[in-house]
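Next come the chains, spelled out residue by residue.
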Amino acid sequence: MEPVRQRQDAFRVSGLTIRTTNREERDPATARLGQLWGRFFGEETYASTPQRTADMRIFSLYSAYESDKDGAFDVTAGVEQPVAVILEPV
């Protein structure tokens, strides 16, 4: 299958976020990614996120890198929301 290039309008991903490192993820005692996805699906975050779009895709975003492969970073499991939506803190 050949990749297809598409233009995508801006959108926001809203869901659950954790902060971790590659070293922590290699150790089952400190790994957080499995817990993130378990909570995302267990709490049905994909279905209960307010004002989500009709797009049913689920996104995983890696962001807020501290430095290089050894630094901390954020991982978000979420769904699409329109850019204009601003949620109040919970």
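Report on the accompanying structure. As the structure is a computational prediction, the values presented were derived from the model and not from experiment.

Some details on the overall build of the protein chain
Step number 1: Regarding its fold elements, the protein chain presents three helices and three strands.
Step number 2: Along the protein chain, from the amino end to the carboxyl end, the secondary structure elements read β-α-α-α-β-β.
Step number 3: Over its C-alpha atoms, taken along the principal directions, the protein chain stretches across nearly 35 × 35 × 25 Å.
Step number 4: Counting across all 90 residues of the protein chain, residues that qualify as buried make up 30%.
Step number 5: Restricting the contact set of the protein chain to residue pairs at least 6 apart, pairs at least 24 apart contribute 61%.
Step number 6: With an accessible surface of roughly 6,800 Å², the protein chain has 53% of that area assigned to carbon and sulfur atoms.

Description of the sheet that holds strand E1 (residues 12-20)
Step number 1: The antiparallel open sheet is built from three strands, whose spatial order is E1-E3-E2. The open sheet is flanked by E1 and strand E2 (58-63), the only strands paired with a single partner. Strand after strand, the sheet turns through a mean of 25° between neighbouring axes, direction not considered.
Step number 2: Bridge count between E1 and strand E3 (residues 73-81): nine bridges; the pairing is antiparallel. Directly across from Arg19, in E3, lies its bridge partner Asp74.
Step number 3: Relative to the sheet, helix H2 (residues 33-42) contacts E1, E2 and E3, its axis offset from that of E3 by approximately 20°.

Some points on the pattern of salt bridges
Should their charged atoms come close, side chains of opposite charge can pair.
Step number 1: Across all of its chains, the model carries six salt bridges by this definition.
Step number 2: Here Asp74 and Arg19 are joined by a salt bridge, their closest N and O atoms 2.8 Å apart. With Asp74 in strand E3 and Arg19 in strand E1, this residue pair connects regions lying 55 residues apart in the sequence.
Step number 3: Asp74 sits in the buried class, given a relative accessible area of 18%.
Step number 4: With relative accessibility at 37%, the residue Arg19 sits in the partly exposed group.
Step number 5: Among the salt bridges present, the one from Asp70 reaches Lys69, with a minimum N-O distance of 3.4 Å.

Observations regarding H2
Step number 1: Within H2 the residues assigned to the buried category are Leu33, Leu36 and Phe40. One face of H2 carries all of its buried residues, which in axial projection span an arc of 60°. Away from its buried face, by an angle of more than 90 degrees, H2 presents the exposed residues Gly34, Gln35 and Gly42.
Step number 2: Among the structural elements, E1, helix H1 (22-26), helix H3 (45-48), E2 and E3 are those in contact with the buried residues of H2.
Step number 3: Following H2 by one or two positions, Glu44 adopts a phi angle in the positive range, close to 50°.

Thresholds applied
- Residues numbered from 1 in each chain as written.
- Predicted model: local features only at pLDDT ≥ 70, side-chain atom pairs only at ≥ 80, totals over all residues.
- Heavy atoms only, no water.
- Helix = DSSP H or I, 4+ residues; strand = E, 2+ residues; numbered from the N terminus.
- Buried < 20%, exposed > 50% of the residue type's maximum accessible area, 1.4 Å probe, protein only.
- Contact = heavy atoms within 4.5 Å.
- Areas by Shrake-Rupley, 256 points an atom, 1.4 Å probe, with all protein chains shown as cover.
- Pairing = 2+ DSSP bridges.
- Axes fitted to C-alpha atoms, helices over the stretch in contact; angles between N-to-C directions.
- Salt bridge = Lys/Arg side-chain N within 4 Å of Asp/Glu carboxyl O.
- Arc of directions from axis to C-beta.

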